[in-house]
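# Observations on chain architecture
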Amino acid sequence: MTTGSVRGHVLGNDGPMAGADVSLEGQDPALGSYSGPTATTDDQGSFELSAVGPGTYRVTVQKAGVAPAAATLVVRPGEATAIEMDLSPAPVR
């Protein structure tokens, strides 16, 4: 099976967000829900998830002190899927 990849940037109020955790969760009719690869953003807020099987995924970005963000994306064989995510500060309680 030919895989694809997911590349992206995570931004916060002050620009690129380093140290955010990025994860993929997939849905497969035969397998049900399953976890995909994970990554942590670098100093530029960038990440890459390689060897991702084709399909539809929910990408989630989390970091302490900010509200998590999620989006749905499609990975196609042999292609790099690009995404940009914005994280805002978590509400004060």
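Residues numbered from 1 in each chain as written. Predicted model: local features only at pLDDT ≥ 70, side-chain atom pairs only at ≥ 80, totals over all residues. Heavy atoms only, no water.

### Things to note about the overall build of the protein
Counted only if it meets this: Only DSSP runs of H or I with at least four residues qualify as helices, and only runs of E with at least two residues qualify as strands; both kinds are numbered from the N terminus onward. For each residue, the accessible area found with a 1.4 Å probe, counting protein chains only, is set against the maximum for its type, and the residue is called buried under 20%, exposed over 50%, and partly exposed in between. We call two residues in contact when some of their heavy atoms are within 4.5 Å.
A tally of helices and strands in the protein yields zero helices and eight strands. For the protein, the succession of helices and strands along the chain, N to C, is β-β-β-β-β-β-β-β. Residue burial in the protein is summarised as follows: out of 93 residues, 33% are buried. Pairs at least 24 apart in sequence give 56% of the contacts found in the protein among residues at least 6 apart.

### Looking at the environment of T3
Structurally, the position occupied by T3 is in the segment before β1 (4-12). For the pair formed by T3 and G55, sequence separation is 52 residues and the distance between their alpha carbons is 9.7 Å. Excluding residues that lie within four positions of it along the chain, T3 makes contacts with A51, V52, G53, P77 and G78.

### Comments concerning the pattern of salt bridges
Defined as follows: Counted as salt bridges are all cases of a side-chain nitrogen of Lys or Arg within 4 Å of a carboxyl oxygen of Asp or Glu.
The tally for this structure, following the rule as stated, stands at one salt bridge. When the shortest N-O distance is used, the salt bridge between E48 and R7 registers 3.2 Å. Placement of the pair is E48 in strand β5 (residues 46-52) and R7 in strand β1, with a sequence separation of 41 residues.

### A closer look at the environment of V75
Secondary-structure assignment places V75 in strand β7 (residues 66-75). Given a relative accessible area of 2%, V75 falls into the buried group. Placed 19 residues apart in sequence, V75 and T56 show a C-alpha to C-alpha distance of 6.4 Å. Those residues in contact with V75 that sit more than four places away from it in its chain are G4, S5, V6, V52, G53, P54, G55, Y57 and T81.

### Let's talk about the nonpolar core
Quick note on the threshold: Here the nonpolar core consists of buried residues drawn from Ala, Val, Leu, Ile, Met, Phe, Trp, Tyr and Cys, with membership extended through side-chain atoms lying within 4.5 Å.
Judged by nonpolar contacts, the single largest core of 20 residues is most densely connected at V6, V10, F47, L49 and L87. At the level of elements, β1, β3 (21-28), β5, β6 (55-63), β7 and β8 (80-86) are the ones that each hand at least two residues to this core. Of all the elements, β7 adds the most residues to this core, at four residues.

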